[in-house]
Amino acid sequence: MDVRQINYFAEVAKQLNFTKAAQALHISQPSLSKTIKNLETELGASLFYRGANQLDLTDAGKAFLINAKYVLDAFENLTSELNDVIDLKKGEIKIGIPPIIGAAFFSKLISKYKETYPSINLLLTEVGSNKIKNGVAEGELDIGLICNRPVQKENFETIKLLKDPLMLIVQKDNPLASKKAIDFSHIEKEPFVLYRHDFSLHDRIIEACEHNGFYPNIVCESSQKDFMIEMVEAKLGIALLPSKICSQITNENIVAIPFNKPMVNLELGMIWKKNRYLPYAVREFITIAGQGDRSVVPGQRD
């Protein structure tokens, strides 16, 4: 048994399909099937149920998969450590960011990092917080930025980066545009352009409305802040956006107004997988993010 066989098995277990697994591994299906069959012969146990239209793990396969992941993680850590020794400050960092974040919240962090390590590539993937957590857990992402979502402490290391209060944005002709600050009660009758329901801020805003005795009249949901701003400009409704985003709106038809008592905040954190070897490039990115440099990203470690 070797690492190659274990890696092939893990991919088949992930895909539950020999054709898809072979494509992901860039080998032929017959070669993959033969490798798995040889592995089963060596172990003296079947790892998969091979039905007519379905492939499933046997009990032995499930037990083997648990240990296979430990072996593959250990092997990845070993090779990563050797790469760090051979090529100390080169590489890439795969970072997951939610759509609502964009560059507004960590552009200065990226700029500072690139100034120090210009040869390291930062690969940004824009997905929701749940997919980010899964990506970090599976090793597909090195680091994830997540919004307002608690994480399992036993699975992830975390850094709190910032807490940014939401502000109200309205079209300039809206009567609320003349106010210097508002309360939640002032927006009870307004139609809401809201974050999509799978965003944590969606629930936080609704909770704040209910706390003030009303349920918002939601006329549109979106995951894209630019689209939300456009809908407000078109007088479809009002929206609540983080103050950092509001400060960067240059549209003269949009007015941003703070709340007298902010009830909803965008809480941004960074996560990475616990007990996984972190390449030098990733460790340095985390260190810079956790320094609490207010000119980069405000924050502190948990």
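This text goes with the structure placed above it.
None of the values given here were measured: they were computed from a predicted structure.

Enquirer: What exactly am I supposed to notice about the overall build of the protein chain here?
Expert: A count of helical and extended segments in the protein chain gives ten helices and twelve strands. The buried share of the protein chain, taken over its 302 residues, is 46%. Contacts spanning at least 24 positions in sequence make up 74% of the contacts within the protein chain whose residues lie at least 6 apart. Accessible area for the protein chain stands at about 15,900 Å²; split by element, carbon and sulfur atoms hold 49% of it.

Enquirer: Quick question: what am I supposed to make of helix α6 (residues 129-138) here?
Expert: For α6, every residue scored as buried is listed here: S129, I132, K133, G135 and V136. The buried residues of α6 all sit within an arc of 160 degrees when viewed along its axis, so they share a single face. In this structure, α6 carries K131, N134 and E138 as exposed residues pointing more than 90 degrees from its buried face. Just past α6, the residue G139 takes up positive phi, approximately 85 degrees.

Enquirer: Is there a simple way to think about the nonpolar core in this case?
Expert: General note: in soluble globular proteins, nonpolar side chains tend to be found buried as a group. Residues I93, L168, I187, L240 and M270 are the most contacted members of the largest nonpolar core, which totals 65 residues. No other element matches strand β6 (residues 156-171), which puts eight residues into this core. Those residues in contact with I93, other than ones at most four positions away along the chain, are Y113, I120, N121, L122, L123, D142, I143, A281, V282 and F285. Membership of the second largest hydrophobic core comes to 21 residues, among which are Y8, F18, A21 and F48.

Enquirer: Would you mind going over the environment of G269 with me for this structure?
Expert: Counting through the fold element by element, G269 comes out in strand β11 (residues 265-273). Along the primary structure G269 and C147 are separated by 122 residues, whereas in three dimensions their C-alpha atoms are 6.5 Å apart. Those residues in contact with G269 that lie beyond four places of it in its chain are G144, L145, I146, I159, K160 and L161.

Enquirer: Would you mind going over unusual backbone geometry with me for this structure?
Expert: A negative phi angle characterises most non-glycine residues, just as the trans form characterises most peptide bonds. Of note, the phi angle at H26 is positive, near 60 degrees, even though the residue is not glycine. In this structure, H26 sits in the loop between α2 (18-25) and α3 (29-43). Its relative accessible area of 72% is what places H26 among the exposed residues. The backbone phi angle of K235 is positive, close to 65 degrees, even though this residue is not glycine. Structurally, K235 can be placed in the loop between α8 (225-233) and β9 (239-242).

Enquirer: Teacher, can you tell me more about the environment of A21 here?
Expert: Looking at the element boundaries, A21 is found in helix α2. Classification of A21 as buried rests on a relative accessible area of 0%. In sequence terms A21 and F9 are twelve residues apart; their C-alpha atoms lie 9.1 Å from each other.

Enquirer: Help me understand the side chain of N253, please; the structure alone is not making it clear to me.
Expert: With respect to the helices, strands and loops of the structure, N253 is situated in the loop between α9 (243-246) and β10 (254-257). By relative accessible area, which is 19% here, N253 ends up buried. A distance of 3.0 Å separates the side chain of N253 from the side chain of E233, its partner in a polar contact. Here N253 is in contact with V170, Q171, K172 and E233, once residues within four sequence places are set aside.

Enquirer: Honestly, the packing of helix α1 (residues 3-15) against α2 in this entry has me stumped. Any pointers?
Expert: Packed helices, taken two at a time, are described by their axes: the angle between them and the distance between them. The geometry of α1 relative to α2 is characterised by a closest axis approach of 8 Å and an angle of 130 degrees between their N-to-C directions. Classed by the angle they form, the pair α1 and α2 counts as oblique. The way α1 lies across α2 gives a crossing that is right-handed. Contacts from N7, Y8, E11, V12 and Q15 in α1 reach F18, K20, A21, A24 and L25 in α2. In terms of residue class, the contact of α1 with α2 is made up of six nonpolar, two polar and two charged.

Enquirer: What should I look at first to understand the environment of L168 in this one?
Expert: Here L168 lies in strand β6. Sequence spacing of L168 and V255 is 87 residues, and the spatial spacing of their C-alpha atoms is 8.2 Å.

Enquirer: What am I meant to see in the pairing of β6 here?
Expert: Side-chain positions along a regular strand alternate between the two faces of the sheet. Of all 16 residues in β6, twelve are buried; the element is thus mostly enclosed. The sheet contact formed by β6 and β11 spans nine bridges and is antiparallel. Counted as the bridge partner of L162 is L268 from β11. Pairing geometry for β6 and β9, over four bridges, is antiparallel. Of the residues in β9, the one forming a bridge with M167 is L241.

Conventions used here
Residues numbered from 1 in each chain as written. Predicted model: local features only at pLDDT ≥ 70, side-chain atom pairs only at ≥ 80, totals over all residues. Heavy atoms only, no water. Helix = DSSP H or I, 4+ residues; strand = E, 2+ residues; numbered from the N terminus. Buried < 20%, exposed > 50% of the residue type's maximum accessible area, 1.4 Å probe, protein only. Contact = heavy atoms within 4.5 Å. Areas by Shrake-Rupley, 256 points an atom, 1.4 Å probe, with all protein chains shown as cover. Arc of directions from axis to C-beta. Core = buried A, V, L, I, M, F, W, Y, C linked by side-chain atoms within 4.5 Å. Polar contact = N/O pair within 3.5 Å; in protein donor to acceptor, adjacent residues only side chain to side chain. Axes fitted to C-alpha atoms, helices over the stretch in contact; angles between N-to-C directions. Parallel < 35°, antiparallel > 145°, perpendicular 65-115°, else oblique. Left-handed = near helix turned anticlockwise from the far one by under 90°. Nonpolar A, V, L, I, M, F, W, Y, C, P; charged D, E, K, R; others polar. Pairing = 2+ DSSP bridges.

The quantities given are spatial measurements derived from coordinates; they are silent on function.
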